[in-house]
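Okay, here's what each chain looks like letter by letter:
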Amino acid sequence: MDDLIAHEMYPIVYSLIDGQEKFRYWSEKSTPGMKRFIGTRQNDPREKSVHDAQELYEGQPYYITCVDDREKLVPFYEKYRERFHCILYQEIYSCDDFLEFMPKAASKANAALELKALLGCEKLVVFGDGLNDIDLFKVADEAYAMENAVPELKAIATGIIASNQDDGVAKWLLENA
């Protein structure tokens with residue numbers, strides 16, 4: 001975070017604060033893309049705007065995301081991708097560029113595999129629409145891409161289902177689960 005802030009990039013920071021999940025952002029320094037993202041989370045009790053960079057450090061941060069111009073994000077992706085689990089992608093709904101940072105072992109794939117083992121499940125079936133779902137698709141027994149998913153995800157999917165606007169996952173579950 002120090003490096004991002006030194007380069008005047010103020011991320012959205014997810015942290016555990018007093019045992020509760022919260023996400024913080026500096027509203028005055030938010031990019032238009034961050035404002036769009038935050039706007040999709042209105043009335044989320046985890047959300048809090050802060051008034052200076054120091055407040056972004058509160059609690060135990062575990063996930064950081066930046067929404068900015070791709071050319072500003074790429075150098076940070078290149079610099080930190082070996083140290084952290086980093087995902088650089090264009091979000092399919094807003095077309096904003098995101099750079100996500102999390103601990104190296106943290107990923108949708110690792111979380112899903114851990115749940116599969118913990119629950120004693122025989123099969124892992126997953127659904128997704130964006131580039132940040134690729135690692136999850138690679139470890140699943142079956143992986144279904146939404147009709148409106150990015151082409152890279154569709155290419156590795158078991159099948160294509162209706163879009164999220166058409167309740168694709170719910171329809172698949174009703175038919176198959």
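Here the structure is shown first, and the text comes after it.
Predicted model, so just to flag it, every value in this text is computed and none were measured.

Engineer: Hey, could you run me through unusual backbone geometry in this one?
Structural biologist: Peptide bonds are trans in most cases, and residues, glycine excluded, mostly fall at negative phi. The phi angle at asparagine 43 is positive, at roughly 65°, despite the residue not being glycine. When you line up the elements, asparagine 43 lands in the loop between α2 (32-39) and β3 (47-50). Using a relative accessible area of 77% as the deciding quantity, one classes asparagine 43 as exposed. Although it is not a glycine, cysteine 95 adopts a positive phi angle of roughly 65°. Assignment of secondary structure puts cysteine 95 in the loop between β5 (85-90) and β6 (97-102). Relative accessible area serves as the criterion here: at 45%, cysteine 95 is assigned to the partly exposed category.

Engineer: I keep staring at the layout of surface pockets and nothing clicks. Help me out?
Structural biologist: The gaps of empty space that remain are located by a probe, the size of a water molecule, rolled over the atoms. Considered as a void within the structure, the largest pocket measures approximately 630 Å³ in volume. Around the largest pocket sit 29 residues that line it, and Arg41, Tyr89, Glu100, Lys108 and Asn132 are the ones nearest its centre. Those elements that provide at least two residues to the lining of the largest pocket are α2, β4 (60-68), β5, β6 and α4 (108-119). The element contributing the most residues to the lining of the largest pocket is β5, with 4 residues. Within the lining of the largest pocket, the residues separate by chemical class into 13 nonpolar, 8 polar and 8 charged. There is about 280 Å³ of room inside the second largest pocket. Taken together, 14 residues make up the lining of the second largest pocket; nearest its centre are Met1, Ile64, Phe84, Phe101 and Met102. Listing elements by their share of the lining of the second largest pocket, those giving two or more residues are α1 (2-6), β4 and β6. A per-element tally of the lining of the second largest pocket places β4 first, with 4 residues.

Engineer: I tried to follow the packing of aromatic side chains on my own but got confused; where do I start?
Structural biologist: Any aromatic ring pair is given by two values, namely how distant the centres are and how the planes are angled relative to each other. Counted according to the given criterion, the structure contains 12 aromatic pairs. With a centroid separation of 5.2 Å and an interplanar angle of 70°, the aromatic rings of phenylalanine 127 and tryptophan 172 are classed as edge-to-face. Residue phenylalanine 127 is found in strand β7 (residues 125-128), and its partner tryptophan 172 is found in helix α7 (residues 168-176); the two are separated by 45 residues along the sequence. For tryptophan 172, a relative accessible area of 14% puts it in the buried group. What links up through ring pairs into an aromatic cluster is the set Tyr14, Phe23, Tyr25 and Tyr63. We note lysine 29 situated over the ring of tryptophan 26; from NZ or CZ to the ring centre the distance is 5.1 Å.

Cut-off values and rules
Residues numbered from 1 in each chain as written. Predicted model: local features only at pLDDT ≥ 70, side-chain atom pairs only at ≥ 80, totals over all residues. Heavy atoms only, no water. Helix = DSSP H or I, 4+ residues; strand = E, 2+ residues; numbered from the N terminus. Buried < 20%, exposed > 50% of the residue type's maximum accessible area, 1.4 Å probe, protein only. 1 Å grid on protein atoms, 1.4 Å probe; cavity = no way out; pocket = protein on both sides within 12 Å on 5 of 7 lines; lining within 4 Å. Points joined across faces, edges and corners; volume = space filled by probe spheres on them. Nonpolar A, V, L, I, M, F, W, Y, C, P; charged D, E, K, R; others polar. Phe/Tyr/Trp six-rings, centres within 6.5 Å; stacked < 30°, edge-to-face > 60°. Lys NZ or Arg CZ within 6 Å of the ring centre and 35° of its normal.

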